Amino acid sequence: MAVRRQILTLDEFTIQQYRKIPNATGELSTLLRDIALAAKRINVEVNKAGLVDIIGDAGITNVQGEAVKKLDVFANNQMLGVLQNGISCAGICSEEMDDMVVFNDEMSNRSKYVVMFDPLDGSSNIDTNVSIGTIFGVYRRVSELGTPCVMADFLQYGLKQVAAGYVVYGSSTMFVYATRRGVNGFTLDPSIGEFCLSHPEIKCPDDGKIYSVNGGYYSQYKNNVKNFINRLQNKTKQEGGPLTQRFTGSMVADLHRTLIKGGLFMYPLTTENPHGKLRLMYECNPFAFIMEVAGGKASSGDSRILDILPASLHDRTPIFIGSKNMVDECLEELNGRETPNAER
Ligand code: AHG
Ligand code: MN
Ligand code: MN
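Cut-offs applied
Residues numbered from 1 in each chain as written. Chains lettered and ligands numbered in written order. Predicted model: local features only at pLDDT ≥ 70, side-chain atom pairs only at ≥ 80, totals over all residues. Heavy atoms only, no water. Donors = N, O, S within 2.8 Å, 3.2 Å for Na, K, Ca; no water. Buried < 20%, exposed > 50% of the residue type's maximum accessible area, 1.4 Å probe, protein only. Helix = DSSP H or I, 4+ residues; strand = E, 2+ residues; numbered from the N terminus. Polar contact = N/O pair within 3.5 Å; in protein donor to acceptor, adjacent residues only side chain to side chain. Pairing = 2+ DSSP bridges. Contact = heavy atoms within 4.5 Å. Axes fitted to C-alpha atoms, helices over the stretch in contact; angles between N-to-C directions. Core = buried A, V, L, I, M, F, W, Y, C linked by side-chain atoms within 4.5 Å. Domains from an automatic or database assignment. Buried area = accessible area lost by both parts, 1.4 Å probe. Salt bridge = Lys/Arg side-chain N within 4 Å of Asp/Glu carboxyl O. Patch = residues over 30% accessible without salt bridge, like charges linked within 9 Å, V, L, I, M, F, W, Y side chains within 5 Å. Areas by Shrake-Rupley, 256 points an atom, 1.4 Å probe, with all protein chains shown as cover. Near = heavy atom within 4 Å. Nonpolar A, V, L, I, M, F, W, Y, C, P; charged D, E, K, R; others polar.

**Student:** When you look at the coordination of the manganese ion (ligand 2) in this model, what are you seeing that I'm missing?
**Tutor:** Taken together, the protein donors to the manganese ion (ligand 2) comprise Asp118 (OD), Asp121 (OD) and Glu283 (OE), at separations of 1.8 to 2.1 Å. In the primary sequence, the donor residues of the manganese ion (ligand 2) line up as D-x2-D-x161-E. Here the manganese ion (ligand 3) and the manganese ion (ligand 2) are spaced 3.6 Å from one another, each receiving a donor from aspartate 118. With respect to class, aspartate 118 is no different from aspartate 121; both count as buried.

What follows is the structure in structure tokens.
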């Protein structure tokens with residue numbers, strides 16, 4: 001008789017992991033459980049979009065000058081709430097908030113972690129039922145334990161992340177997180193309301209067949225980027241072509257696919273966004289960390305994403321991320337000679 005394989009919940013899995021580490025306190029497991037709770041609450045609301053008054057603009061703009069959606073506000077409050085009420089986080093920064101939030105109570109001041117997050121990624125897709133997500137990065141604070149956290153705790157290299165992850169609210173809801181030990185994916189089983197291990201030890205294939213870029217901004221890209229896009233579009237069969245191009249407008253959805261199937265995701269600078277559009281701390285660093293642990297690569301074009309020292313909380317960066325060989329091929333073109341724009 002076939003015996004059903006044991007399914008591990010996210011909590012069981014993280015506890016199993018920290019048991020392997022001598023002197024581990026379990027604080028990270030608690031933190032991940034808190035974030036998973038926020039994700040479940042956000043998921044419930046996302047699933048009701050259309051039935052309840054949660055679709056549409058909140059009527060305000062954020063520090064980035066973008067229209068804030070009602071679900072952005074809801075997701076932000078959930079993330080903030082679980083981390084503030086929990087016992088493992090000293091403070092947070094959010095894409096949707098101007099400044100850091102220092103929790104500054106006795107328990108939080110004793111916590112060794114701070115968290116940076118994009119509560120809802122791809123929010124322009126909410127109204128049309130396209131996959132959206134939540135992204136987070138966890139840092140060990142550099143300030144003294146027992147004191148309130150400070151700005152320096154947040155303005156760290158992405159390389160200093162101890163864990164990073166995302167939730168994708170898609171055809172199923174998944175929680176994927178990475179520590180230096182590996183990347184693991186958990187699918188929400190709605191019947192028990194738990195994330196269950198479904199994608200153990202995720203590795204990003206070294207090559208892929210799909211690339212992601214917003215082709216609508218082609219005329220705004222620099223020549224070297226245009227040339228590389230042309231190269232991707234004109235690959236012969238011998239060169240592994242033809243490739244497929246997909247761009248959803250939700251970085252989480254595009255990068256989840258890139259992580260699992262291999263491929264390349266690009267968000268270059270444009271004339272409209274001369275420093276790039278995507279946020280270093282809330283979007284690029286967490287994904288760069290996850291991708292590198294999974295065997296992939298992430299670059300701004302000039303440097304490894306994880307080696308960029310942030311100057312302020314809401315810094316942006318261009319990003320080229322995904323399968324190792326595809327990122328290398330891209331960097332080779334970007335850093336080659338500045339050629340005039342190739343014919344399409
Ligand atoms: P957010 O919803 O958190 O503001 O992020 C949206 C981001 C990213 O997820 C996506 O790749 C990109 O913006 C899409 O923007 P464009 O449609 O302007 O390319
Ligand atoms: Mn985002
Ligand atoms: Mn967002």
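What follows picks up the thread again.
**Student:** Even after reading the chapter, I still don't get the side chain of asparagine 109, so can you show me in this structure?
**Tutor:** Following the sequence through the fold, asparagine 109 ends up in helix α4 (residues 106-109). At 3.1 Å, the side chain of asparagine 109 and the side chain of asparagine 104 are in polar contact.

**Student:** Help me understand the sheet that holds strand β11 (residues 210-212) in this model?
**Tutor:** Backbone-to-backbone hydrogen bonds join strands into a sheet, with any given pair of strands oriented parallel or antiparallel. Strand order in this open sheet of 5 strands is β12-β11-β13-β15-β14, and the pairing throughout is mixed. The outermost strands of the open sheet, each flanked by one partner alone, are β12 (244-245) and β14 (297-299). As defined by bridge partners, β11 adjoins strand β13 (residues 264-267) across 2 bridges and the pair is classed as parallel. Note that in β13 the partner of serine 212 across the bridge is phenylalanine 265. Against the sheet, helix α7 (residues 251-261) touches β11, β13 and β15 (319-322), its axis set at about 150 degrees to β13. Sheet strands in contact with helix α9 (residues 324-334) are β11, β13, β14 and β15, and its direction is about 150 degrees off that of β15.

**Student:** Explain the sheet that holds strand β4 (residues 101-102) here, please?
**Tutor:** Strand order in this open sheet of 8 strands is β4-β3-β5-β6-β7-β8-β9-β10, and the pairing throughout is mixed. The sheet terminates laterally at β4 and β10 (194-199), the two strands that pair on one side only. For strand β3 (residues 89-94) and β4, the ladder comprises 2 bridges, and the chain directions are antiparallel. In the sheet register, isoleucine 92 faces β4, and the bridge partner there is valine 101. With respect to the sheet, helix α1 (residues 10-19) is in contact with β8 (173-179), β9 (182-189) and β10, its orientation differing from that of β8 by roughly 10 degrees.

**Student:** Can you walk me through the coordination of the manganese ion (ligand 3) in this structure?
**Tutor:** In ideal tetrahedral geometry, four donors around a metal make angles of 109.5 degrees, whereas ideal octahedral geometry with six donors gives angles of 90 or 180 degrees. Here the manganese ion (ligand 3) is held by the protein donor atoms Glu95 (OE), Asp118 (OD) and Leu120 (O), which lie 2.3 to 2.4 Å from it. Sequence spacing of the donors to the manganese ion (ligand 3): E-x22-D-x1-L.

**Student:** Can you help me understand the nonpolar core in this one?
**Tutor:** Nonpolar side chains in soluble globular proteins tend to be buried together. By size, the foremost hydrophobic cluster in this structure holds 42 residues, and its most contacted members are Leu83, Ile92, Val115, Phe136, Val138 and Phe175. The contacts of valine 138, once residues within four sequence positions are left out, are Leu28, Leu31, Tyr113, Val114, Val115, Gln161, Val162 and Ala163. Membership of the second largest hydrophobic core comes to 40 residues, among which are Phe265, Tyr282, Cys284 and Phe289.

**Student:** What exactly am I supposed to notice about the domain arrangement of the protein here?
**Tutor:** For the protein, the assigned domains read domain 1 (10-199) and domain 2 (210-334). Each of domain 1 and domain 2 has a C-alpha centre, and these two points are 23 Å apart. Listed by partner, the interface residues are 48 residues for domain 1 and 32 residues for domain 2. Of the roughly 3,000 Å² buried where domain 1 meets domain 2, counting both sides, 66% is carbon and sulfur surface. Of all residues in domain 1, the largest losses of buried area upon contact with domain 2 belong to Leu155, Tyr157 and Tyr166, amounting jointly to 20% of the total for that side. If you look at where domain 1 meets domain 2, you find 1 salt bridge. The partner of arginine 279 in a salt bridge is glutamate 95, with the nearest N and O atoms 3.5 Å apart. The tally of links between domain 1 and domain 2 comes to 12 residue pairs in polar contact (both at pLDDT 80 or more). Listing elements by their share of the side of domain 1 that touches domain 2, those giving two or more residues are β3, β5 (113-121), β6 (132-140), α5 (151-154), β7 (161-169), β8 and β9. Per-element tally for the side of domain 1 that touches domain 2: the top contributor is β7, with 8 residues.

**Student:** How should a nonpolar patch on the surface be read in this particular structure?
**Tutor:** Together, Tyr157, Leu159 and Leu309 make up a nonpolar patch on the protein surface, roughly 260 Å² of accessible area in all. Within the secondary structure layout, tyrosine 157 lies in the loop between α5 and β7. Taking relative accessible area as the criterion, tyrosine 157 reaches 36% and is therefore assigned partly exposed.

**Student:** Explain the environment of threonine 173 to me, please; I cannot follow it from the model alone.
**Tutor:** Relative to the assigned elements, threonine 173 resides in strand β8. Residue class for threonine 173 comes out buried when judged on its relative accessible area of 9%. Counting along the chain gives 148 residues from threonine 173 to threonine 25, while the straight-line C-alpha distance between them is 29 Å. Not counting residues up to four positions away in its chain, the partners in contact with threonine 173 are Asn43, Val167, Val168, Phe186, Thr187, Leu188 and Phe195.

**Student:** Help me understand the site of ligand 1, please; the structure alone is not making it clear to me.
**Tutor:** Around ligand 1, the surrounding shell holds 19 residues, and the nearest of these are Asp121, Tyr217, Met251, Tyr267 and Lys277. The contact in question runs from an oxygen atom of ligand 1 to an N or O atom on the backbone of glycine 122, over 2.8 Å. Between asparagine 214 and ligand 1, the recorded distance is 2.8 Å, taken from a side-chain N or O atom to an oxygen atom. Within the complex, 87% of the 470 Å² of free accessible area of ligand 1 lies under protein. Looking at the shell around ligand 1, the elements that each hand over two or more residues are β5 and β13. The dominant element in the shell around ligand 1, judged by the number of residues it contributes, is β5, at 3 residues. Among the residues forming the shell around ligand 1, the class breakdown is 7 nonpolar, 5 polar and 7 charged. When residues of the shell around ligand 1 are assigned to domains, at least three map to each of domain 1 (10-199) and domain 2 (210-334).

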